[in-house]
Amino acid sequence: MDDRALRVLEFYKIRTMLAEQCVSPLGRALALELTPSSDIDEVREMQAQTEEAVTLLTALPHHPLVPFEDVRAPLRLASIGASLSPRALLDIASSMRAARAARGAIATDREDTPRISSIASRLATFRNIEEEISAAILSEDEIADRASPALADIRRHIRLCNDRVREKLNALIHSASMQKHLQDSIITQRNDRYVLPVKQESRAFVPGLVHDQSASGATLFIEPLAVVEIGNDLKQRLAEERREIERILAALSALIAPESSMLLNNLDILSLLDLLFAKGKLSRLMRGAPPRINREGRIRIVRGRHPLLDPASVVPIDLWMGDLFTTLVITGPNTGGKTVTLKTVGLFTLMTQAGLQPPADYGTEIAVFSRVFADIGDEQSIEQSLSTFSSHMTNIVEILNNVRDDALVLFDELGAGTDPTEGAALAQVILRGLLKRKIRTLATTHYSELKAFALTTDGVENASVEFDVETLRPTYRLTIGVPGKSNAFEISRRLGLSSEWIDAARQLLSTDQIRFEDVIANAEYHRKVAERERALAEEARVEMQKTRDQAEALRLSLEKQREKAVGDAKREARRVLESAKAEADTILSSLRKIRTEAGGGAEAERMRQQLRESADALADRTPEHADASGAPPESLRPGDSVWITHLNTRGSVLEKPNAKGEVWVQAGAMRLSVSIQKLRLADSEPRAEKTRARAQVDVAARTVRTELDLRGLALDEALPEVDRFLDDAVISSLGSVSIIHGKGTGALRAGVQAHLRKHPHVAEFRIGKFGEGESGVTIVKLR
C-alpha cells in the first residue's frame, strides 16, 4: 500500500487509536504496525475475526484478556539456563495467568465465534508453575517464607537473633550508667549491624566495634561487645538467606526452561487476541458496522462518518459508485466538506482492508483495491522549488505511472494552482484516461468545465456538497447526481457587495455559462422539493409504525387478559374437582362401613346412586364453552350471552350489530368490538361435555387391577396414580394390593411409603417377601 496515501489519509492516527484499546505492549506494537491487505480472502478473514471479537465483547461480562508484559527476553534467558529475577518470574506468571484467563473466558465450543475460539484453544496453561511462582514470590523485593522449609527456618533464626540483639541493646540504653554516653537513646543500623549512637568523648566508656561516625565526627556508631557475637550469628544467617533465595529463583527458572517455547507461542497468540479485541473495542467506540466485501470495485457507504471528526457534530454521508459510473466529480464551496468526503472514502477503504469496521451503518459495501493513491493537500516544497501546481502535478505523474486497473485514485482540487482553462483541460484529460481503464476515481474541483464533463460523459457522475446561502454556512451534506453551484454572486450579495457590481459581473458571463448555472439551480431546487417530500413520507411511515405498535400492544394486552381468564377457569375447575373428590371420599368411607354390616345392600345402592348424582353435579358445574365449530348467530340482541372464540371467554352483547357485522361486547372489564363471525351463542353448548364428565367419574364399571407399577415415574407423578389405584381398590372391595416401585435409589419407595402412612384407605403396609418382589414391592392392606 502506498505510504503517502496512508499519511495523507491519516491512517496512522487510526492505528494510534487502535493501539490505545490494547491491554499489552505486544498488542500495541502489532496495532502500530498494522497495514491494509490487498488479498480479498485475507481481508474477509480479518473482518470475520473482528466481528467475532465484537460478538464476544458484547456477550461477555468483562474483557476476556488481562494485562500482560513482554517476557520474551526472560524466557530466552531461562531457556539457556539463566536464573531469573523475581520481577521477571512474576511477569512470566502474569502471562501464564493471562493465557489461562483467556482460554477460560473464550469458550472453545462457541458456534458464533469459531475463529477466535480456535485461536484461544491453542493457548497452553501452566497452572502449577504459575501457582508455585505466585506462592514463592510476593513482590519483586520480597520472597515468601513458604518458598522453602529451609528459608522459613533461616528467617525464624534471624528473627530470634534480632530479638536477642534488641533485648540487650534496649537494656543498655535504659541503664542510667549508659545514657550519659549516648547522643540519643535509639537503636540504629550500620552495615547490617545493630549500633548505638555514642558521644565521641565517651568512646572509652562504651567498649565495642565502631562501624561508622557522623559527618561532624561528634557521634560514633558503636556495636557493643555484648551483642557482637549475636551480630556475627545474624550476619551469617542473612548470608544463608541470600543463598537460599538464589537457590529458589534458580529452581523456579528451571521449571520455566523446558516450557519456554510454548510460553513464547502463548505470547504470540495473546498478542494476536489483544489486537483482535482492540479492533472490536474500536468498532464499538466508533459504532462501526461490518462491511460487505467485493472485488468488483463497488463502493456503497451508508451514513458514513469520518472516524477522526467529533462524533457529536459530524454529518453522515451516503455515497455510491462502481456500478453505473466509475468516476465521481465532487463540487461545492470551500470548507463545504469535499475533502472530508474524499478522505472518508479513502480511509474507509484502508480500514476495511486492515480488518477494521468503518463507522457506518449496515449495508455499507467496500471494494478491495490493490493500491490506494491520494493527492490531497497543498505540499509546496521550498527545498525543491516546487509551487502548489508543481507539487500536485509531481504526485499526479507518479500516480499515473504506477496506477493499476484495480486501484482507487483520489484527487483533491484536480488541476488547481494554474491557469483555470489549462488546469480544467488537464483535469479532463487525466479523468478521461483513468475512465478508459475503468479505474475507480474521485476528484474534487471548482471548475465548471469538469461539471459539464461529468454531465456529458458516460461513466462519470457529478456530486455536490450543500451550502446554505441564507446562513452562509455549509451543511456538509453530499448529493450524488447534481453538480454543485458556486453561489459566488449570492454570497457576495449577502456579504454586502453592491447589486450594481454583481449585475455587471453577471453580464461578463457567456450565455452558455449562465444557462448551465440556471440548470444547476433548477436541479438543486427540484432536489430539495423531493427531499422535503421524502421527509414527509418518512414522517407518515413513522406515524403508521407507531399506530401499528399501539395496535400490537393492545393485542398483547388482550392476550394477557385471555390467559388470565383461562387461568381463572382452570383454578375454578380444580376447586370443583377437589370438592368432588372430598365428597367421593366420604361416600367411599360410608361404603366400607356398609360392607362390614349385614343387610347393607340397599344402603350401598343408595350410596352408589348418590355418587352418580355427584358426578352429574360435577358435570353441571364444569365451565361452559360454546361450540367453536358451530355457526355464528344469525341475530343478536342486547343482553345475549355469547362466547368469544378467539379470546376463549364469555361476554354479553351491549348493542345491536352494525352494518359491518361488528357488535360491541362486554367481556369482564373489557369493552370491545368483535366481528359476529367470532361469536357463538353461549347456551348452544351440547351436552356431550357433561356426558363425558359423568363417564369419567362413573367408577362403577371400572376394571380394577391388584397391582400398580410405578417404575419410571417421578414421585410427583406417582402419588396421584397411587391415590386413584387405592380408590378403585376400595370400591371393588379388595383386601390388599401391591405397589411396584422398584429398588433403584430408594427415593420412590420412601416417598410412596410416606404417603401411605397418612392415607385414609390404608390399614397397614409392608415390604414384599421373597417371591413377592422383596424391597422393590410394597404390599398394602386396605381398611
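Shown above is the structure to which this text applies.
What comes next concerns the included structure. Computed from a prediction, not measured in an experiment: that's the story for all the values here.

Reading the values: the criteria
- Residues numbered from 1 in each chain as written.
- Predicted model: local features only at pLDDT ≥ 70, side-chain atom pairs only at ≥ 80, totals over all residues.
- Heavy atoms only, no water.
- Core = buried A, V, L, I, M, F, W, Y, C linked by side-chain atoms within 4.5 Å.
- Buried < 20%, exposed > 50% of the residue type's maximum accessible area, 1.4 Å probe, protein only.
- Helix = DSSP H or I, 4+ residues; strand = E, 2+ residues; numbered from the N terminus.
- Axes fitted to C-alpha atoms, helices over the stretch in contact; angles between N-to-C directions.
- Left-handed = near helix turned anticlockwise from the far one by under 90°.
- Contact = heavy atoms within 4.5 Å.
- Nonpolar A, V, L, I, M, F, W, Y, C, P; charged D, E, K, R; others polar.
- Pairing = 2+ DSSP bridges.
- Phe/Tyr/Trp six-rings, centres within 6.5 Å; stacked < 30°, edge-to-face > 60°.
- Lys NZ or Arg CZ within 6 Å of the ring centre and 35° of its normal.
- Polar contact = N/O pair within 3.5 Å; in protein donor to acceptor, adjacent residues only side chain to side chain.
- Expected span 1.5 Å × (residues − 1).
- Right-handed = clockwise from strand over helix to strand, strands pointing away.
- Arc of directions from axis to C-beta.

## With respect to the nonpolar core
(1) Moving on: Core analysis: the biggest nonpolar cluster contains 46 residues, and Ile137, Ile256, Leu273 and Phe277 have the highest contact counts within it.
(2) Moving on: Elements represented by at least two residues in this core include exactly helix 4 (40–59), helix 5 (72–79), helix 6 (86–105), helix 7 (114–121), helix 8 (127–136), helix 11 (225–256) and helix 12 (260–286).
(3) Moving on: For this core, the leading source of residues is helix 6, giving 9 residues.
(4) Moving on: In this structure, Leu9, Phe325, Leu328 and Phe369 belong to the second largest nonpolar core, which totals 45 residues.

## Considerations on the packing of helix 6 against helix 11
(1) Moving on: In the contact formed by helix 6 and helix 11, the axes pass within 11 Å of each other and the chain directions differ by 35°. Our pair here, helix 6 against helix 11, has a crossing hand that is left-handed. Residues Pro86, Leu89, Ile92 and Met96 of helix 6 form the contact with helix 11, whose participating residues are Leu249, Leu252, Ser253 and Ile256.
(2) Moving on: Here the residues of the contact of helix 6 with helix 11 sort into 7 nonpolar, 1 polar and no charged.

## Observations concerning the pairing of strand 4 (residues 193–199)
(1) Moving on: Here strand 4 lies mainly inside the structure; 6 of its 7 residues are buried.
(2) Moving on: In this sheet, strand 4 lies alongside strand 3 (residues 188–190) in antiparallel orientation, the contact comprising 3 bridges. By the bridge assignment, Gln189 is partnered in strand 4 with Tyr194.
(3) Moving on: From the end of strand 3 to the start of strand 4, which pair antiparallel, there are 2 residues, and Asn191 there has a positive phi angle of about 55°.
(4) Moving on: Relative to strand 6 (residues 219–224), strand 4 is paired through 4 bridges, and the arrangement is antiparallel.

## Remarks on the packing of aromatic side chains
Two numbers describe a pair of aromatic rings. These are the distance of the centres and the angle of the planes.
(1) Moving on: Considering all chains together, one arrives at 0 aromatic pairs under this definition.
(2) Moving on: One cation-aromatic arrangement involves Arg190 over Phe221; the distance from NZ or CZ to the ring centre is 4.0 Å.

## Comments concerning the sheet that holds strand 23 (residues 736–740)
(1) Moving on: The sheet built from 4 strands is open, its strands ordered 22-23-25-24 with mixed pairing. Where the open sheet ends on each side, the last strands, each with one partner, are strand 22 (707–709) and strand 24 (762–767). The sheet shows a mean angle of 20° between the axes of neighbouring strands, taken without regard to direction.
(2) Moving on: Pairing between strand 23 and strand 25 (residues 777–782): 5 bridges, direction antiparallel. In the strand pairing of strand 25, Ile740 is matched with Val777.

## Some words on the side chain of Arg155
(1) Moving on: By the secondary structure assignment, Arg155 is in helix 9 (residues 149–173).
(2) Moving on: Among the polar contacts made by the side chain of Arg155, one reaches the side chain of Glu241 at a distance of 2.7 Å.
(3) Moving on: Those residues in contact with Arg155 that sit more than four places away from it in its chain are Ile143, Ala144, Asp145, Glu241 and Ile245.

## Here we look at the environment of Lys436
(1) Moving on: You can see Lys436 is positioned in helix 15 (residues 420–436).
(2) Moving on: For Lys436 and Asp405, which are 31 residues apart along the polypeptide, the C-alpha to C-alpha distance reads 9.9 Å.

## Some details on the environment of Ala53
(1) Moving on: Tracing the backbone shows Ala53 in helix 4.
(2) Moving on: For Ala53, a relative accessible area of 0% corresponds to the buried category.
(3) Moving on: For the pair Ala53 and Asp274, spaced 221 residues apart in sequence, the C-alpha separation works out to 9.9 Å.
(4) Moving on: Leave out the neighbours within four places in its chain, and Ala53 touches Ile116, Leu276, Phe277 and Gly280.

## Here's the deal with the sheet that holds strand 3
(1) Moving on: Ordered by their spatial adjacency, 4 strands build an open sheet running 3-4-6-5, and the pairing between neighbours is antiparallel. Only two strands of the sheet have a single neighbouring strand rather than two, namely strand 3 and strand 5 (208–213). Across the sheet, the mean angle separating the axes of adjacent strands is 50° when strand polarity is ignored.
(2) Moving on: Contacts between helix 9 and the sheet are confined to strand 4 and strand 6, with strand 4 contributing the most and set at about 15° to the helix.
(3) Moving on: Against the sheet, helix 11 makes contact with strand 4, strand 5 and strand 6, and its axis sits at roughly 75° relative to strand 6, the strand it touches most.

## Here we look at helix 9
Residue pairs three or four apart in sequence face the same way in an α-helix, which turns once every 3.6 residues.
(1) Moving on: Across its 25 residues, helix 9 extends 36 Å between first and last C-alpha, which sits within 8% of the 36 Å expected from 1.5 Å per residue.
(2) Moving on: The complete set of buried residues in helix 9 reads Leu151, Ile154, Arg155, Ile158, Cys161, Asn162, Val165, Leu169 and Ile173.
(3) Moving on: Turning to helix 9, the residues buried within the fold contact strand 2 (142–143), helix 10 (176–179), strand 4, strand 6 and helix 11.

## Side note on the pairing of strand 14 (residues 440–445)
(1) Moving on: Within strand 14, 6 of the 6 residues are buried, leaving the element largely enclosed by the surrounding structure.
(2) Moving on: In this sheet, strand 14 lies alongside strand 10 (residues 327–331) in parallel orientation, the contact comprising 5 bridges. Across the sheet, Ile330 pairs through a bridge with Thr444, a residue of strand 14.
(3) Moving on: Chirality of the crossover, the property in question, places the unit of strand 13 (residues 408–411), helix 15 and strand 14 among those that are right-handed.

## Some thoughts on helix 5
(1) Moving on: Restricting attention to buried positions, one finds in helix 5 the residues Pro74, Leu75 and Ala78. Along helix 5, the residues classed as buried sweep out an arc of 100° about the axis, all on the same side.
(2) Moving on: Where helix 5 is buried, its residues touch helix 6, helix 11 and helix 12.
(3) Moving on: Just downstream of helix 5, Gly81 is the residue with a positive phi angle, here 95°.

## With respect to the side chain of Ser94
(1) Moving on: Turning to its location among the elements, Ser94 is positioned in helix 6.
(2) Moving on: What makes Ser94 buried here is its relative accessible area of 17%.
(3) Moving on: Those residues within four positions of Ser94 in sequence are excluded, and the remaining contacts are Pro67 and Phe68.

## Topic: unusual backbone geometry
(1) Moving on: Even without being a glycine, Arg287 presents a positive backbone phi close to 55°.
(2) Moving on: If you trace the backbone, Arg287 turns up in the loop between helix 12 and strand 7 (292–294).
(3) Moving on: Not every positive phi belongs to a glycine, and Arg303 is a case in point at roughly 50°.
(4) Moving on: Structurally, Arg303 is set in strand 8 (residues 299–304).

Taken by themselves, the reported measurements are silent on function.
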